[in-house]
Amino acid sequence: MSSPEFPVPSRGAARPALRGAGPGDFTEAWLRNRRLSEHTRDAYRRDVAGWLAWCAVRELDPLRANFLDVNTYGRELESDPAARTGRPLTPATVARKLSALSSWYDFLVKLRAVEANPVSGADRPRIDRDHSATVGLTPEEVDALLAAAEAEAGPTAARNRAAVALLADLGLRVGELVSLDLADLGAERGHRSVRFVGKGGKPRRRALTPSTTYAVDAYLAERAAEARVTVPELTGPLLVTATGGRLDRHSVFRLVRRLARTAGIPAWAKLSPHSLRHAFATTARAEGVPLEDVQDAMGHADPRTTRRYDRDRHNLDRDPAYVIWAARARRRG
């Protein structure tokens, strides 16, 4: 389907670089204007493309859409089966898509290509900020999954151990994991470290634990030996396929589920790399790591997001009443 040209409302002209632009041009200009990871860019690109395709079928000019059109689009996303799964999208997914679309329209408002953002007045799904649909893992299940990776043999076993160690010990997003390059590894003040671009385009750095360092070093030593070079001579992505390409997120999803099944984890078919991220937050808080330190490690802008990842936050063992009572007892003793 060809991209129709967007008419510019009479009250203002688009910038010369975008005059007569099609939807793809607006989208790419919007994405270039944001500090985003490649994974997030791809997701936003798909979100906007879905809206534009919906408008095209209905012969609706996206620059003249109003909040009623956006409402209709959102309700259809919630009720119609998705092509990939055969099931309607969850309210959280619909809310994310509309959020991306709202950001796109905000950009067009700044360009004076539209007068107002139609998503602003739309009825977005209500999301329980205290709930996450991600299936979590107990610390014992994480141990079992890592043990399953350790027990594997074969040409990809060392790489898989490194990948799972990075997910479990650092709580990385899968997009952050697969985007890592060898040049991102380093050392700072006695710490082995890794640098990467997190969600929202924020530069991040994390320390590698001794076990993760061992897994990464073992993998790189094996990879260098196969290539008949030294480890410092290796270049490109950190995690690669058998043909040398960058490992993709879908492969990591399959890896986590396969290892979980081998480990005998009952919910293996519903797990994802994000399950290890949730386990990271829950275990860190259970071990007494302050909320703000966990928030910083996970790259969350809002501490409420970090709290949602903490699956043990409603455990009555952590009720502050016990701490108050114990302090009172010490004073009286």
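Predicted model, so just to flag it, every value in this text is computed and none were measured.

Caption draft 1: Highlighting the pattern of salt bridges. One pass over the structure, following the stated rule, counts 13 salt bridges. Notably, a salt bridge pairs Arg-258 with Glu-152, separated by 2.1 Å at the nearest N-O pair. Linking Arg-258 in helix α9 (residues 249-262) with Glu-152 in the loop between α5 (139-151) and α6 (157-170), this pair joins segments that are 106 residues apart in sequence. The exposure class of Arg-258 is partly exposed, given its relative accessible area of 37%.

Caption draft 2: The arrangement of the nonpolar core in detail. Membership of the largest hydrophobic core comes to 40 residues, with the highest contact counts inside it found for Leu-166, Leu-177, Leu-180, Leu-238, Leu-239 and Val-252. Those elements giving two or more residues to this core turn out to be α5, α6, α7 (174-178), β2 (191-197), α8 (210-227), α9 and α10 (273-286). The greatest single-element share of this core, amounting to eight residues, is contributed by α6. Aside from chain neighbours lying at most four places away, what touches Val-252 is Leu-167, Val-174, Leu-177, Val-178, Leu-247 and Pro-273. Leu-36, Ala-65, Phe-107 and Ala-122 belong to the second largest nonpolar core, which has 29 residues in total.

Caption draft 3: How the structure looks around the packing of α5 against α9. One can describe the packing of α5 onto α9 by two numbers: an axis separation of 8 Å at closest approach and a directional angle of 95 degrees. Judged by the angle between their axes, α5 and α9 are roughly perpendicular. Of the residues in α9, those touching α5 at Leu-145, Ala-148 and Ala-149 are Val-256, Leu-259, Ala-260 and Thr-262. Of the residues assigned to the contact of α5 with α9, the class counts are six nonpolar, one polar and no charged.

Caption draft 4: View of the packing of aromatic side chains. Going through the model one piece at a time under the given rule, you end up with six aromatic pairs. Aromatic pair Trp-51 and Trp-54: ring centres 5.4 Å apart, planes at 15 degrees, arrangement stacked. Within this pair, Trp-51 and its partner Trp-54 are both found in helix α2 (residues 38-57), separated by three residues, close to a single helical turn. Judged by relative accessible area, which is 0%, Trp-51 ranks as buried. Its relative accessible area of 10% is what places Trp-54 among the buried residues. With 5.1 Å between their ring centres and 70 degrees between their planes, Trp-51 and Tyr-73 make a pair best called edge-to-face. Taken together, the residues Trp-51 in helix α2 and Tyr-73 in helix α3 (residues 67-79) connect sequence positions 22 residues apart. Among the aromatic residues, those joined into a cluster by ring pairs are Trp-51, Trp-54, Tyr-73, Trp-104 and Tyr-105.

Caption draft 5: The arrangement of unusual backbone geometry in detail. Phi is positive for Glu-59, which is not a glycine, with a value near 55 degrees. Structurally, Glu-59 can be placed in the loop between α2 and α3. Phi is positive for Arg-189, close to 50 degrees, though the residue is something other than glycine. Along the chain, Arg-189 falls in the loop between β1 (185-188) and β2.

Caption draft 6: Representation of the packing of α6 against α9. The geometry of α6 relative to α9 is characterised by a closest axis approach of 11 Å and an angle of 90 degrees between their N-to-C directions. In this view, α6 runs roughly perpendicular relative to α9, as classed from their interaxial angle. Where α6 abuts α9, its residues Asn-160, Ala-163, Val-164 and Leu-167 lie against Val-252, Leu-255, Val-256, Arg-258 and Leu-259. Grouping the amino acids of the contact of α6 with α9 by side-chain chemistry returns seven nonpolar, one polar and one charged.

Caption draft 7: View of the side chain of Thr-27. Relative to the helices and strands, Thr-27 resides in helix α1 (residues 23-32). Residue Thr-27 is classed as buried on the basis of its relative accessible area of 4%. Within the local environment of Thr-27, its side chain forms a polar contact with the side chain of Trp-104, the two groups lying 3.3 Å apart. Each residue touching Thr-27, except ones within four places of it in the same chain, is listed here: Arg-45, Val-48 and Trp-104.

Caption draft 8: Quick peek at the side chain of Glu-188. Here Glu-188 lies in strand β1. Polar contacts involving the side chain of Glu-188 include one to the side chain of Arg-195, which spans 3.1 Å. Excluding its chain neighbours within four sequence positions, the residues that come into contact with Glu-188 are Ser-193, Arg-195 and Arg-205.

Conventions we followed
Residues numbered from 1 in each chain as written. Predicted model: local features only at pLDDT ≥ 70, side-chain atom pairs only at ≥ 80, totals over all residues. Heavy atoms only, no water. Salt bridge = Lys/Arg side-chain N within 4 Å of Asp/Glu carboxyl O. Helix = DSSP H or I, 4+ residues; strand = E, 2+ residues; numbered from the N terminus. Buried < 20%, exposed > 50% of the residue type's maximum accessible area, 1.4 Å probe, protein only. Core = buried A, V, L, I, M, F, W, Y, C linked by side-chain atoms within 4.5 Å. Contact = heavy atoms within 4.5 Å. Axes fitted to C-alpha atoms, helices over the stretch in contact; angles between N-to-C directions. Parallel < 35°, antiparallel > 145°, perpendicular 65-115°, else oblique. Nonpolar A, V, L, I, M, F, W, Y, C, P; charged D, E, K, R; others polar. Phe/Tyr/Trp six-rings, centres within 6.5 Å; stacked < 30°, edge-to-face > 60°. Polar contact = N/O pair within 3.5 Å; in protein donor to acceptor, adjacent residues only side chain to side chain.

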